[in-house]
Amino acid sequence: MPIFRIMGGSRSSNAASHITTPQAGSNTVRQTDRRSASRHQYPGQRLQQQQQSSQQTPTFMSPSEANQLGGMQAPNPAAAQNNPVIQGNNIPASSTSPNSDAQMMLSMQASEVTRPGAYSVTRTSSGPAQVYRVTVPPGVRPGSEFTVHAGARRVRVRCPPNSRPGHSLQITLPPEPVTHNQLLKVAPLTCAEEDVAGGGAVKMTPEVLRVNQAATESGGVAQTFLVTIPANIFPGMQFTVNVEGQRFMVTCPANAGPNMKVRIVPPTQREEPMAAPKTQVFEVTVPAGVRPNQPFTLMANGQRVLVTCPTNVAPGQKIRFQLPVQQVIGNIQLSYENESGGWCRTIRVKDLKFQWVRVQSKKEEQEGILDDMEKFDFSKAAYVRKLSYLEGNDARMRTAKVDFVPANEAVVDSRLMHANKTLLSYADIANIQGKGLEEKIAWFQNICKQSMTNWENGHVKLVVRRHSLLQDSVDAVMSLGRDDMRKHWRVEFLGEPAIDAGGVTREWFQLVSEQLFDPDFGLWLSSVNNQMCMTINPASDISCPDDHLIYFRFLGRVMGRALFDRQLIKGHMVRHFYKHLLGWPITFEDLEAQDEEYYTSLKKFTTMEDLSMMCLDFTITEETMGVRRDVELIPGGNMKEVTAENLPQYLESNLRYRMLDRVKPQLRELLLGFFDIIPEPALTVFDPNELELTLCGLPTIEMDDWEFNTIYSGLYENASKGKQQHKCVQWFWEVVREDFDQEMKARLLQFVTGTSGVPTRGFSVLQGNDGNIKKFAIHGVNRTQYAFPRSHTCFNRIDLPNYSTKKELYEKLKAAITMSSVGFDME
């Protein structure tokens, strides 16, 4: 059982820092940091205290109030009801009330940053142009340049043609830019509609609830924007705003004014299918076995697409459909060469979105026949997490509903728009999907670079203290809006003169992620099967009761920003969490990788003729912190007996609970934080293995240590050190050493052990699912038994067939490693 410790800062009496607040008659005044008095509180506890004392709590206005105070101009009264203006949560810098939230939102000069937090940094030019008189120095000829000091600035001046040394010149300079550092306050988390407040998240206000419900009823997604009221705009006056390509006319509310922020709710818009400028008509024959309204895949002019059979069409008949011309779709499927089928992602014709489909075999894939998945199959069933975004009480922190849907119902956009510009389309994804990892990362970084805010439009400074690193970092990052997440970041350790040229930021990512993934902190636990993999602690609400959800949202943002900036984090997660991030199918094999014993017990139920003798109901018993409790898998589960008829529902409920519901609140915040910055369409080029390697980096693998600490069994039992090695064992190590690059070595390690992480003491201390040392093992099997190598991550073993040639071993091993992420059967 892990030892949980209370999150807090140093107990040292000299740990107090200072804050800067505006005060009449002086530029700055030093005051003891209020957080020093609550050093042993969680950020969520401090946040609650701030909210209770705040007199400027963000509030949504009803449509009638919006009409009275000034709202978005709509063409008709009905439309106006859907477009209320909502007061924002930013306080103008001119506010000096000592008890208001203005103390948390300050405008300061760059040299006045004396407290930790997140600062929005902007440069402005104010005041009139500046005029100076300078004298031409000796030796300067007409037309040449010379340097002079004008006030605090040093400028270059070109000598006029009619001037000589000693002449007096008048020069005019633009006003000197002034850097402003605006300290941002922490944004609260909002519970999803069905959740109970807790863990740092507050209940959704009735006004926000109505906004979300209205969007859901209209078939759209709720979305609000924070906009700044321009200078010289006062209550009742109108101004125009442009947000994400949409243009709105807004009336300044009665309780707002210049430089304040208001929150607007634009009309809910249904998403329109992506139009293709040019199309080509194709005629194909419906394959045998395809029923009306059933989807099937086909190749059209070298393009793989997903088509739904019309209602009045039978197999053998011909149908016509249109496809975009000069767009390559053939490579857009996250599958590889296979013999027995599996899940792949392809484009559907009706809206050019990605959808998961399952082909039963390579032959059937070529014929376009899909596994209809109507009958539950333990070995094939797969589900994908679905995020339905909702607005939160604070515009900077949205929330969401998370659900498990069948994999063949999961879709994702193949297009990404930013500032009225298409950053990527399905054709771009097709071109890069088959490339190597480094090329994929370079392509992804280019997409991130294009979506980043230009430096001249402002950046973010994160100021933290080393002795309160995690506490300060959480407060800083959780005060940023989603637009701030895509600005340039500069990390600064308070009191240290280091300039962040990359090294400080890299250190910050490493230190913060290392603390969060530390099992003693209570948020994460080592996986049952692999001590190098971390899984979410279901009891994190006990170890961090007041704000564990804040930490998971913070970690999601840290991971997303690390991927955005190509930084590394110190923590390997269990495989299915990477699948959740990517929206990949979760199968019972993922459950096996997490808990083999639990998986085996479920699998036995599928072969039993009489389940009544097991006396099962739709509940499971869990032990948390020494306390046993019964958990219902479905509402009223303790009253529902498991029978042969409802066994598929029971198995699905178990998979859903272990892979999602057990840690649903924590996982939701992790996903929300991650997607606060990362655009999901851009992730479609990665598989889970590649995402782990990109986030955690390629491991340092000592090949001599790896080979020396490998054991052999089966046909290769006599291949241990000091004995005659089997030729396949020799080929295996030659392929790994000579033919595999660093990425493929890491992928092999992932394939066999479940993670690319290597223990700090090397391969001699690899552990199995029982916590005991289980060294890397090569088990020899006959190639008539398996066509491809198979892995057993629970005890770090690879079953390697006795191939007849080194080339065959190389091809089959490489195929098995790449296919492992997609869920293909390889028997």
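Residues numbered from 1 in each chain as written. Predicted model: local features only at pLDDT ≥ 70, side-chain atom pairs only at ≥ 80, totals over all residues. Heavy atoms only, no water.

What follows is about the packing of aromatic side chains. Per the stated rule, a full pass over the model turns up 20 aromatic pairs. Both rings, one in Tyr383 and one in Phe404, keep their centres 5.8 Å apart while their planes meet at 20°; by these two values the pair is stacked. A residue pair is termed long-range when its members are at least 10 positions apart, and Tyr383 in strand E23 (residues 382-390) and Phe404 in strand E24 (residues 399-406) qualify at 21 residues. Per residue, the accessibility class of Tyr383 equals that of Phe404, and both read buried. Ring geometry for Phe517 and Trp524: centres 4.9 Å apart, planes at 45°, overall tilted. With respect to class, Phe517 is no different from Trp524; both count as buried. Linked through ring pairs, Trp706, Phe732, Trp733, Phe763 and Phe776 together constitute an aromatic cluster. (Phe/Tyr/Trp six-rings, centres within 6.5 Å; stacked < 30°, edge-to-face > 60°. Helix = DSSP H or I, 4+ residues; strand = E, 2+ residues; numbered from the N terminus. Buried < 20%, exposed > 50% of the residue type's maximum accessible area, 1.4 Å probe, protein only.)

This brings us to the nonpolar core. Counting residues in hydrophobic clusters, the biggest one holds 125 residues, and the most contacted among them are Leu462, Trp508, Trp524, Phe554 and Tyr650. When residues of this core are assigned to their parent elements, the largest contribution, 11 residues, is made by helix H11 (residues 548-565). Within the second largest apolar cluster, 33 residues are counted, among which are Tyr716, Trp731, Val735 and Leu800. (Core = buried A, V, L, I, M, F, W, Y, C linked by side-chain atoms within 4.5 Å.)

Another point: the pattern of salt bridges. According to the stated counting rule, one finds 32 salt bridges in the structure shown. For Arg737, the salt bridge identified is with Asp704, shortest N-O distance 2.8 Å. Residue Arg737 is located in helix H19 (residues 727-739), and its partner Asp704 is located in helix H18 (residues 703-708); the two are separated by 33 residues in the primary sequence. (Salt bridge = Lys/Arg side-chain N within 4 Å of Asp/Glu carboxyl O.)

Among the 8 residues that make up helix H6 (residues 426-433), 6 are buried, leaving the element largely enclosed by the rest of the structure. All buried positions along H6 are accounted for by Tyr426, Ala427, Ile429, Ala430, Ile432 and Gln433.

Further remarks concern helix H16 (residues 664-675). Every α-helix carries 3.6 residues per turn, so stepping three or four residues along brings you back to the same face. The terminal C-alpha atoms of H16, which comprises 12 residues, lie 16 Å apart, in line with the 16 Å expected from a rise of 1.5 Å per residue. In terms of burial, H16 is a largely internal element, 10 of the 12 residues being buried. Among all positions in H16, only Gln666, Leu667, Arg668, Glu669, Leu670, Leu671, Leu672, Gly673, Phe674 and Phe675 are buried. (Expected span 1.5 Å × (residues − 1).)

Interaxial distance between helix H7 (residues 437-451) and H11 falls to 8 Å at its minimum, and their mutual angle equals 105°. On the basis of the axis angle, H7 is roughly perpendicular to H11. Within the contact between the two elements, H7 uses Phe444, Gln445, Cys448 and Ser451 and H11 uses Leu563, Phe564 and Asp565. Residues belonging to the contact of H7 with H11 are distributed by class as follows: 4 nonpolar, 2 polar and 1 charged. (Axes fitted to C-alpha atoms, helices over the stretch in contact; angles between N-to-C directions. Parallel < 35°, antiparallel > 145°, perpendicular 65-115°, else oblique. Contact = heavy atoms within 4.5 Å. Nonpolar A, V, L, I, M, F, W, Y, C, P; charged D, E, K, R; others polar.)

Position of Gln445 among the secondary structure elements: in helix H7. For Gln445, a relative accessible area of 19% gives the class buried. Gln445 sits 120 residues away from Asp565 along the chain, and the two C-alpha atoms are 7.6 Å apart. Those residues within four positions of Gln445 in sequence are excluded, and the remaining contacts are Leu563, Phe564, Asp565 and Arg566. Among the polar contacts listed, one links the side chain of Gln445 to the backbone oxygen of Leu563, at a separation of 2.9 Å. (Polar contact = N/O pair within 3.5 Å; in protein donor to acceptor, adjacent residues only side chain to side chain.)

As a further point, take the UniProt feature "active site" (unreviewed entry) in the protein chain. In this structure's numbering, the residues bearing the UniProt feature "active site" (unreviewed entry) are Cys794. For Cys794, the location among the structural elements is in the loop between strand E38 (790-792) and strand E39 (797-801). A residue is classified by how much of its surface remains accessible, and Cys794, at 4% relative accessible area, is buried. (UniProt positions renumbered as here; feature names shortened; annotations may be inferred.)

To continue, consider the sheet that holds strand E31 (residues 533-536). With mixed pairing, 3 strands are arranged side by side in an open sheet as E30-E31-E32. The outermost strands of the open sheet, each flanked by one partner alone, are strand E30 (524-526) and strand E32 (572-573). As defined by bridge partners, E31 adjoins E32 across 2 bridges and the pair is classed as parallel. Bridge assignment links Met534 to a residue of E32, and that residue is Met573. (Pairing = 2+ DSSP bridges.)

So, on to the sheet that holds strand E33 (residues 586-587). What the 3 strands build is an open sheet, ordered E24-E23-E33; its pairing is antiparallel. Of all the strands in the sheet, just E24 and E33 have a single pairing partner and so form its edges. As paired strands, E23 and E24 are joined by 8 bridges and run antiparallel to one another. Bridge assignment links Leu390 to a residue of E24, and that residue is Thr399.

This part is about the packing of H19 against helix H21 (residues 806-819). Between H19 and H21, the least distance of the axes is 10 Å, while the angle of their chain directions is 60°. When the interaxial angle is binned, H19 and H21 end up oblique. Crossing geometry of H19 relative to H21 is assigned as right-handed. Counting all contacts with H19, which are made through Cys728, Trp731, Phe732, Glu734, Val735, Glu738 and Asp739, the residues of H21 involved are Lys806, Leu809, Tyr810 and Leu813. (Left-handed = near helix turned anticlockwise from the far one by under 90°.)

On strand E29 (residues 489-493), burial follows the alternation: Trp489, Val491 and Phe493 on one face are buried, whereas Arg490 and Glu492 on the facing-out side are not. Direction of pairing for strand E28 (residues 459-464) relative to E29: parallel, over a ladder of 5 bridges. Across the sheet, residue Val460 finds its bridge partner in E29, namely Trp489. Taking the sense of rotation as the criterion, the β-α-β connection linking E28, helix H8 (residues 469-477) and E29 turns out right-handed. (Right-handed = clockwise from strand over helix to strand, strands pointing away.)

Our focus in this paragraph is unusual backbone geometry. In this structure, Cys615 takes a positive phi of about 55° despite not being glycine. Tracing the sequence through the fold places Cys615 in the loop between helix H14 (596-605) and strand E34 (619-624). Judged by relative accessible area, which is 67%, Cys615 ranks as exposed. Of note, the phi angle at Asn796 is positive, near 55°, even though the residue is not glycine. With respect to the element layout, Asn796 can be found in the loop between E38 and E39.

Another point: the confidence of the model for the protein chain. Mean pLDDT for the protein chain: 77, with 76% of residues reaching 70 or above. Confidence drops under a pLDDT of 50 for residues 1-111, and excluding neighbours within four residues, the segment shows 228 contacts in the predicted structure. Scored below 50 in pLDDT, residues 822-827 shows 25 contacts in the model against residues more than four places distant or in partner chains. (pLDDT = per-residue confidence, 0-100.)

As a further point, take the environment of Asn646. When you line up the elements, Asn646 lands in the loop between strand E35 (627-632) and helix H15 (647-659). Among residues more than four places away in sequence, those in contact with Asn646 are Phe618, Lys640 and Glu641. A polar contact of 2.6 Å, which involves the side chain of Asn646, links it to the backbone nitrogen of Thr643.

Let's shift gears to the pairing of E31. Both faces of the sheet carry side chains from a regular strand, because those side chains alternate between them. Here E31 shows no split at all, with Cys533 and Thr535 on one side and Met534 and Ile536 on the other all buried. Inspection of the sheet shows E30 paired to E31 by 3 bridges, in the antiparallel sense. Across the sheet, residue Trp524 finds its bridge partner in E31, namely Ile536. Between E30 and E31, which pair antiparallel and follow one another directly, the connecting turn spans 6 residues.

Position of Arg557 relative to the elements: it lies in helix H11. Once you skip the residues sitting within four places of it in the chain, Arg557 turns out to touch Arg396, Met397, Val477, Met478, Leu480, Gly481, Arg482, Met485, Gly673, Phe674 and Asp676.

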